[in-house]
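Here's the letter readout for the chains.
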Amino acid sequence: MKILLNNNDLNEALSKVRNLGFVPTMGSLHKGHISLIKRSKKECNKTIVSIFVNPRQFNNKNDFKRYPRDHKKDLIILKKLNVNFVFIPKIDQIYNSKKITKIKIGKKNQILCAKFREGHFEGVIDVMDRLTALIKPKKIFMGEKDYQQLYLVKKYLNKKYSSKVIKCKTIRDQNGIALSSRNLLLDKKNLLKAGKFVKDLMSLRNKYSNNNNFNKILNLKKKEFSKFYKIKIEYLELRNLNNLKLSKKIKNSKIFVAFYLNKVRLIDNI
Ligand code: AMP
């Protein structure tokens, strides 16, 4: 496994590599990341994983500061998985170019996380643009857990690069909660609470699978869940998976949720 710390080493290492799979991450790797890496290894000749906590996608400085980081543990995991390359750039390696394309999220996409995290997706798309230009992968593996991110990044990259974005399914723990590096910031009690809430949403989805106005039910339930679990729910909406428009029926749609537990913001789609 080659550890690449700057753009020169990266260019040199990748110069002759064809059919490269790329898994972008912010580190603190868990089984969700591992599933993406395994898929890349299955579909591509070589796999590169990046670890980069991108400051430009954090709309809150404290969130950036306390984002969990553990390179030592990450490298042990990646070595075990037989990953070919790990790219761990410093901030100035990514932001040293005179890139002029300014990323703008259109009005119709100012929904869900884009509405509540100003500048977040602009930062995500910008870094994915830079990483894709540097790495030139054949395929990029991204998790459905961050569905809006996947949707917006795919749309943007498709217009500019030949790299194909591959959607990978969400990995959950036994409690039902989607694995996330941010879960490390929660104690056991809150992890259980989050798991119960997610399971409630799954049951709700099953119970009303034929309902013609499910979003109305969700609006009522939002208040009920907030009160019952004593959590702040930022959004709880049914949206169509093809265009992310609000949806009334469950077919082709998912429940999108963002909520706070002890100041930790979690997102999911069910
Ligand atoms: P992150 O390190 O949180 O930026 O995530 C890196 C990639 O892993 C993104 O494409 C995420 O969507 C994906 N990912 C994170 N958590 C999960 C999960 N529980 N299941 C599947 N993919 C995930």
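Keep in mind it's a predicted model, so treat the numbers as computed, not measured. (Residues numbered from 1 in each chain as written. Predicted model: local features only at pLDDT ≥ 70, side-chain atom pairs only at ≥ 80, totals over all residues. Heavy atoms only, no water.)

Details of the pattern of salt bridges
Across all of its chains, the model carries 15 salt bridges by this definition. The partner of Arg 39 in a salt bridge is Glu 43, with the nearest N and O atoms 2.7 Å apart. Separated by four residues within a single helix, Arg 39 and Glu 43 lie in helix H2 (residues 31-43), roughly one turn from each other. Arg 39 gets classed as partly exposed once you look at its relative accessible area, which sits at 30%. Asp 146 is the salt-bridge partner of Lys 145, the closest N and O atoms lying 3.5 Å from each other. The exposure class assigned to Lys 145 is buried, which follows from its relative accessible area of 15%. Several salt bridges converge on common partners, so that one network encompasses Arg 56, Lys 99, Asp 126, Asp 129, Arg 130 and Lys 160. (Salt bridge = Lys/Arg side-chain N within 4 Å of Asp/Glu carboxyl O. Helix = DSSP H or I, 4+ residues; strand = E, 2+ residues; numbered from the N terminus. Buried < 20%, exposed > 50% of the residue type's maximum accessible area, 1.4 Å probe, protein only.)

Thoughts on the domain arrangement of the protein chain
Domains assigned within the protein chain are domain 1 (2-168) and domain 2 (186-261). With centres defined by C-alpha atoms, the gap from domain 1 to domain 2 works out at 28 Å. Carbon and sulfur atoms supply 70% of the area buried between domain 1 and domain 2, which totals about 950 Å² over both sides. The largest per-residue losses of area from domain 1 upon contact with domain 2 belong to Leu 112, Phe 116 and Tyr 147, which jointly make up 57% of the total buried on that side. Summed over the shared surface of domain 1 and domain 2, the result is one salt bridge. In this structure, the salt-bridge partner of Lys 254 is Glu 144, at a minimum N-O distance of 3.8 Å. In this structure, the connection of domain 1 to domain 2 is made through two residue pairs in polar contact (both at pLDDT 80 or more). If you list the elements that add at least two residues to the side of domain 1 that touches domain 2, you get helix H6 (112-116) and helix H8 (147-160). Taken together, the residues of the side of domain 1 that touches domain 2 sort by class into six nonpolar, one polar and one charged. (Domains from an automatic or database assignment. Buried area = accessible area lost by both parts, 1.4 Å probe. Polar contact = N/O pair within 3.5 Å; in protein donor to acceptor, adjacent residues only side chain to side chain. Nonpolar A, V, L, I, M, F, W, Y, C, P; charged D, E, K, R; others polar.)

Thoughts on helix H1 (residues 7-14)
Every buried residue of H1 is accounted for by Asn 7, Leu 10, Ala 13 and Leu 14. Within H1, the buried residues cover an arc of 130° as seen down the axis, which keeps them to one side. Exposed positions of H1 whose direction lies more than 90 degrees from the buried face are Asn 8 and Glu 12. Looking at the buried side of H1, the elements it contacts are strand E1 (2-4), strand E2 (20-25), strand E3 (46-51), strand E4 (85-87), helix H5 (91-94) and helix H7 (120-135). The backbone nitrogen of Asn 8 lies 3.1 Å from a side-chain oxygen of the residue at the head of H1, namely Asn 6. (Arc of directions from axis to C-beta. Contact = heavy atoms within 4.5 Å.)

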